[in-house]
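So the chains spell out like this:
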Amino acid sequence: MTRAFDTDAIHAGYDYLGNGDAVSPPIYASAAFDMESAVRGDALAAGTAEGFSYSRVANPTVDALEKRIAKLEGGVGAVAVASGMAAVSFALLCAAEGGGRIVSPSNLYGASVDAMESFFPQFGIHADFVHDINDLDEVASKIGPDTRAIFAESVANPSTEITDLEPLAALAHEHGIPLIVDNTVPTPYLLRPIEFGADIVVHSTTKGITGHGNAIGGVVVDAGNFDWSNGRFPQFTTPELVVSDERNGIEHSFFSRYGREAFIRRIRIKYLRTFGAVPSPFNAYLSMIGLETLPVRAEREVATARRIAAHLTRTPHVIKVNYSGLGNTPQFDLLPKYFPKGVGQILSFLVDGDESNVRRILDGVRVFSYVPNIGDARSLIVDPARITHREVPAKYRIAAGVTDNLIRLSIGLEDADDLIADLDQAIANAY
Ligand SMILES: *Cc1c(COP(=O)(O)O)cnc(C)c1O
């Protein structure tokens, strides 16, 4: 039976049967699990039996979260990891493993730009940045024989620029490469990239999914549609002991054993098992509780964000408001197709004056919290140029519109009038 998103957000991936009849998912604080018998132990180790043996690879609380997010994103499987950056890093390294190139816009999350620009090259993995991810000619011009993926964020932060996913996925598939999408900003409630052709979706669950600013986490979701045996990805077609059955002389690669699920299996069996960025069962529990209210939180936050964005366009000292939901961005025509329920709770604005005015606004707010995070139930304010985008090279930062007079807001669940009054007094008193 197919159910609505709101129903799956509460029920998918978890069954009270086999869980002590608990309605709220138990926190399985256990590093390891009894394998019961020698026969079952052998099957668990071989990966031919369902179950748990060691929490670095899988844990029942984490498993429920993975199944729930896979369902909500429309994927065949998910692996939860300890942070959004672990999810981004694992997905990109897994696709480009062995020395590939990734085509991507440069207006990504700060740590993702830093990873691709100056850290992944140490592992032989290189980025080809494009100026505009929606310019398909520019993107196509960067795809070469070593390109292994296109990586994009569905909604950029803090500009809220929208990526036109469907033609981008088609272009990627024409060249035999996957489209990997960081869907953190809208969450699966507002956008499900797999429906538009994305092959892999990653999230920082720290943000809107968990929704209360109380747990760092991430997840990789696999659509299960991509053919990893097309010749570009030797890491999936080379036989490996960890997926083979040496005793019985059976050799397997990730692709021969898992087919269209090869990517998400490799994320778990190689990346999670080796690099060990495992989420704690407690954090997985917090994310599950957060998901239960994601639809109502997102709806309310979008409504308030729209009001605040519109108000800021009429506020003295505000010279520009970036919010794709407002109708003043080049991507406005993409809105009905991708975001019928709104683009999310993040917006940003430019003020006149200089950095001292920005500092006075940050210090003057009373309801907004000065926090480098998004998607919290609390409303948050930050100066991206100095904080969240500090590690982004100036050439990319400025091109992304992250100048010293830019302020970013993440709208929470407080009363909209209180938030507007707070911004009004902080801005007025800063000049
Ligand atoms: C926050 C964020 C990340 C990193 O997530 P962490 O949980 O902080 O590691 C990655 N991508 C985007 C778009 C983010 O907003």
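So, how was this worked out
Throughout this document, residue positions are counted from 1 along each chain, in the order its sequence is written. Only residues with pLDDT of 70 or above have their local features reported here, since the model is predicted, and side-chain atom pairs are shown and tallied only from 80 upward, although totals for entire chains, interfaces and linings are computed over all residues. The side-chain numbers reported here are obtained from all heavy atoms of the structure, hydrogens and water having been left aside. Accessible area is worked out with a 1.4 Å probe on protein chains only. A residue is then buried under 20% of its type maximum, exposed over 50%, and partly exposed in between. Numbering of helices and strands runs from the N terminus, with a helix taken as a DSSP run of H or I at least four residues long and a strand as a DSSP run of E at least two residues long. Only strands that DSSP links by at least two bridges are regarded as paired with each other. Here the term patch refers to residues with relative accessible area over 30% and no salt bridge, with like charges joined within 9 Å and nonpolar side chains (Val, Leu, Ile, Met, Phe, Trp, Tyr) within 5 Å. The method behind every accessible area is Shrake-Rupley, applied with a 1.4 Å probe, and residues are considered shielded solely by the protein chains displayed. Every case where a carboxyl oxygen of Asp or Glu lies within 4 Å of a side-chain nitrogen of Lys or Arg is listed as a salt bridge. All tallies of charge rest on Lys and Arg as positive and Asp and Glu as negative; His and the ends of each chain are not included. To locate a charge, take atom NZ for lysine, CZ for arginine, CG for aspartate or CD for glutamate. Between 30 and 60 degrees the pair is tilted, below 30 it is stacked and above 60 it is edge-to-face, where a pair is any two Phe, Tyr or Trp rings, Trp via its six-membered ring, whose centres lie within 6.5 Å. Only Lys NZ and Arg CZ are tested; either one counts as a charge over a ring when it is within 6 Å of the ring centre and within 35 degrees of the ring normal.

Turning our attention to the pairing of strand S6 (residues 200-204). Side-chain positions along a regular strand alternate between the two faces of the sheet. Counting buried positions over the 5 residues of S6 gives 5, a clear majority of the element. The sheet contact formed by strand S5 (residues 179-182) and S6 spans 3 bridges and is parallel. Across the sheet, residue Val181 finds its bridge partner in S6, namely Val201. Sheet topology note: the S6/strand S7 (residues 218-222) ladder contains 5 bridges and is antiparallel. Residue pairing across strands places Val201 opposite Val221, the latter belonging to S7.

Together, Asp132, Asp135, Asp137 and Glu161 line one region of the surface with negative charge. Relative to the helices and strands, Asp137 is located in helix H6 (residues 136-142).

This part covers the packing of aromatic side chains. Between two aromatic rings, the relevant description is the distance of the centres plus the angle of the planes. Following the criterion strictly, the structure yields 15 aromatic pairs and no others. Considering the side-chain rings of Phe226 and Phe233, the 5.7 Å spacing of their centres and the 90 degrees angle between planes classify their relative orientation as edge-to-face. Here the two residues Phe226 and Phe233 agree in accessibility, since each one is buried. On the basis of an interplanar angle of 80 degrees and a centroid distance of 5.0 Å, the ring pair of Trp228 and Phe233 is categorised as edge-to-face. Look at Trp228 and you get buried, because its relative accessible area is 0%. Above the plane of the ring of Phe236 lies Arg266, whose end atom (NZ or CZ) is 5.9 Å from the centre.

Turning our attention to the pattern of salt bridges. Taken as a whole, this structure holds 15 salt bridges when the rule is applied. Taking the shortest distance from any N to any O, the salt bridge between Arg266 and Glu240 comes out at 2.7 Å. Here Glu240 lies in the loop between helix H9 (234-237) and helix H10 (254-258) and Arg266 lies in helix H11 (residues 262-275), a separation of 26 residues in the sequence. For the residue pair Arg266 and Glu240, the accessibility class agrees, reading buried in each case. Across the salt bridge formed by Arg359 and Glu355, the nearest N and O atoms sit 3.8 Å from each other. One end of the pair is Arg359 and the other is Glu355, both in helix H15 (residues 355-364) and 4 residues apart, which spans about a single turn. Residue class for Arg359 comes out partly exposed when judged on its relative accessible area of 45%. Among the ionic contacts, a cluster of salt bridges with common partners joins Glu97, Glu240, Arg266 and Lys270.

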